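Chain by chain, the residues:
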Amino acid sequence: MKKVFFISVSMLLFLNQIMAQKYIARNGYIGFFSSTPMENIEAHNYQASSVLDVESGEMVYSVLIKGFEFEKALMQEHFNEKYLESDKYPKSTFKGKILNMDQLDLSKDGVYNVEVEGDLTIKNVTKQIKVKGTLERKGSHIIAKAKFPARVEDYNIHIPAMVKDNIAEVVDVDVNVDYEPYKK
Amino acid sequence: MKFQILKNLFGIILIFSSAALYSQDDLMNLLEESEKPVTEYTIATFKTTRLMSGQSVEIPAAGVLQYVISHRFARITAGFYDIFGLDNATMRMGFDYGITNRLAVGVGRSNFEKTYDGYLKYKLLRQSKGAKKMPITVTGFAGMAIKTIKWPEPDRPNYFSSRLYYTFQLLIARKFNSDLSLQLMPTLVHRNLVATRADANDVFAIGMGGRYKLTGSLSVNAEYYYLIPGQIVSPVYGEKVRNSLTLGVDIETGGHVFQLMFTNSRGMTEKFFVTETTGSWLSTDIHFGFNINRVFTIIDKHNKK
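Residues numbered from 1 in each chain as written. Chains lettered and ligands numbered in written order. Predicted model: local features only at pLDDT ≥ 70, side-chain atom pairs only at ≥ 80, totals over all residues. Heavy atoms only, no water.

Peer 1: How would you sum up the overall build of chain A? Please name residues and give values.
Peer 2: Looking only at helices and strands, chain A features two helices and nine strands. When the helices and strands of chain A are placed in sequence order, the string is α-β-β-β-β-α-β-β-β-β-β. The proportion of buried residues among the 184 residues of chain A is 52%. Of the contacts made within chain A by residues no fewer than 6 positions apart, 59% connect residues no fewer than 24 positions apart. Roughly 9400 Å² of accessible area belongs to chain A as shown, and the carbon and sulfur atoms make up 53% of that amount. (Helix = DSSP H or I, 4+ residues; strand = E, 2+ residues; numbered from the N terminus. Buried < 20%, exposed > 50% of the residue type's maximum accessible area, 1.4 Å probe, protein only. Contact = heavy atoms within 4.5 Å. Areas by Shrake-Rupley, 256 points an atom, 1.4 Å probe, with all protein chains shown as cover.)

Peer 1: Explain the pattern of salt bridges residue by residue, including any values.
Peer 2: A side chain with one charge can pair with a side chain of the opposite charge if their charged atoms come near. On inspection of all chains with the given rule, the structure shows 21 salt bridges over all chains. Between Lys 66 of chain A and Asp 87 of chain A there is a salt bridge, with its nearest N and O atoms 3.3 Å apart. Placement of the pair is Lys 66 of chain A in the loop between strand 3 (58-64) and strand 4 (69-70) and Asp 87 of chain A in the loop between helix 2 (73-83) and strand 5 (91-98), with a sequence separation of 21 residues. On the accessibility criterion, Lys 66 of chain A (17% relative accessible area) is buried. The closest approach of N and O atoms between Lys 108 of chain A and Asp 105 of chain A, which form a salt bridge, is 4.0 Å. The exposure class assigned to Asp 105 of chain A is partly exposed, which follows from its relative accessible area of 38%. Residues participating in the shared-partner salt-bridge network are Lys 66, Glu 81 and Asp 87 of chain A together with Glu 40, Lys 175 and Lys 213 of chain B. (Salt bridge = Lys/Arg side-chain N within 4 Å of Asp/Glu carboxyl O.)

Peer 1: Which residues make up the pairing of strand 2 (residues 64-75) of chain B, and what values go with them?
Peer 2: All names here are of chain B. The buried fraction of strand 2 amounts to nine of the 12 residues, a majority that puts the element mostly inside the structure. Summarising the sheet, strand 2 and strand 14 (residues 287-297) pair through 10 bridges and their orientation is antiparallel. The partner of His 71 across the bridge, within strand 14, is Phe 290. Where strand 2 and strand 3 (residues 89-98) come together, nine bridges link them in antiparallel fashion. Considered in strand 3, the bridge of Val 68 is made with Gly 94. (Pairing = 2+ DSSP bridges.)

Peer 1: Mind laying out the packing of aromatic side chains, listing which residues take part and the relevant values?
Peer 2: To describe a pair of aromatic rings, one takes the distance between the centres and the angle between the planes. Applying the stated criterion across every chain yields a total of 16 aromatic pairs over all chains. Relative to Phe 70 of chain A, the ring of Phe 32 of chain A lies with its centre 5.9 Å away and its plane at 75 degrees, an arrangement referred to as edge-to-face. With a gap of 38 residues between them, Phe 32 of chain A in strand 1 (residues 22-35) and Phe 70 of chain A in strand 4 connect regions that are remote in the sequence. Each residue in the set Phe 32, Phe 68, Phe 70 and Phe 79 of chain A is aromatic and connected to the rest through ring pairs, giving one cluster. Seen from the ring of Phe 176 of chain B, Arg 174 of chain B lies directly overhead, with NZ or CZ sitting 5.2 Å from the centre. The side chain of Lys 271 of chain B reaches across the aromatic face of Tyr 165 of chain B, ending 4.3 Å from its centre. (Phe/Tyr/Trp six-rings, centres within 6.5 Å; stacked < 30°, edge-to-face > 60°. Lys NZ or Arg CZ within 6 Å of the ring centre and 35° of its normal.)

Peer 1: Help me get a handle on empty space enclosed by the protein, residues and values and all.
Peer 2: If a probe the size of a water molecule is rolled over the atoms, the empty space left behind becomes visible. Residues and elements named next belong to chain B. As enumerated under the stated definition, the model contains three cavities of 30 Å³ or more in all. Size it by volume and the largest cavity reaches roughly 70 Å³. No other element matches the four residues that strand 7 (residues 137-147) contributes to the lining of the largest cavity. Broken down by class, the residue content of the lining of the largest cavity amounts to six nonpolar, four polar and three charged. (1 Å grid on protein atoms, 1.4 Å probe; cavity = no way out; pocket = protein on both sides within 12 Å on 5 of 7 lines; lining within 4 Å. Points joined across faces, edges and corners; volume = space filled by probe spheres on them. Nonpolar A, V, L, I, M, F, W, Y, C, P; charged D, E, K, R; others polar.)

Peer 1: Would you mind going over the pairing of strand 1 of chain A in detail, with residue names and values included?
Peer 2: Residue and element names in this part refer to chain A. Of all the 14 residues making up strand 1, 10 are buried; the element is thus mostly covered by neighbouring parts of the structure. Two strands pair when backbone bridges link them, and strand 1 and strand 2 (residues 40-53) are joined in this way by 11 bridges, in the antiparallel orientation. Bridge assignment links Lys 22 to a residue of strand 2, and that residue is Asp 53. Following strand 1, the chain reverses through four residues before pairing antiparallel with strand 2. Bridge count for strand 1 against strand 9 (residues 170-181) is seven bridges, and the pairing is antiparallel. Each bridged residue has a counterpart across the sheet, and for Ile 24 the counterpart in strand 9 is Glu 180.

Structure follows, in structure tokens:
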């Protein structure tokens, strides 16, 4: 009976410890930039949410497509209606892992280089990507930053010939997410 | 023996729970649980502010100016000599401006009877899902038209008020899915001056219409205005007044929406197409017509941060 008690206590401790390793962000920033000689287009989303597990290095992101704000209302409408079809595919997600997590010591304030590998899902198309970025420890917060390119065609997004000169084939994605410790 | 089973059970639970807690799917579940529900407003119920001849629930976004140029050619029954009506056109040129994302103002002028028109559109309800749910979008429309053509009988007393027409509409629409949107338009057109005592000053009509998207850039549209019978008895330009029916397509390019249509109405303001439509589809008194809508962003939406 002692053993049972020991196991259950250790399990509870273990669970507690797992909770403490998690960080969450609800107002993360994700933006993208399309640059062509004809036109520069940018969009910003300040409602990305993400969970980071600093023990395992696992990280997940979820972002509402309708949350992207464009300079011009018509661009935003076309982005949702014609290109991303946000009624059918409301969310984009990323599930990945920081590859060099075991070499990091996030207990001290500072900026650390990381490499993340995982699955990016846009418009129901999932592609494996590898991204270089940074994790910054700032007091109780952790800030993740990364920039990576995404090829529009790869995610089943078709740009009609008429506007091909205005929209880049590869857009630059910018991620800037401020995490705080996760509390239930 | 009992103790042994219990121990094994705990072991199994321990293994499962630790494995589960480490999976990315679990992190994703945790993320979804912590997300607050947001209100998602339906966008682009229609591609532009006009369904075909008449208004749609849409208005230009705040700070956006829309230029609309519309033509309705003469009847296609004019034949090849008039190249099926293309030799003669009535046209309207207009501007719409979004004051806020819910309020817009529009002005225009038609060469037909040298008519100026102006209106306000206000989005009373917006279709949404999520935290706030609303099944329909309702836009109120209040418009006025001034006929400035010279009086046919200048010697009799003519009053300025006789040149005025008012239109009030409730535009009620629902976007059923990304392709299908339908709209209902209870309409009142007030005419200060009518031909005879038997003609109503206040004309009631029910409009109905919709669009079906074939591709991202192309949709087929239909619009019908049903006049409650018995309100208009006098002919207009010698012909019986009929219900307006317009069939056409929206073709959308980068910043333009081209609306091409066949209609039995010649006018492009409510006064004309609701109360003065005389063409008959059955005798192919049909006009070819188009609206070209172009938007200009006047005031950029300032991005947060």
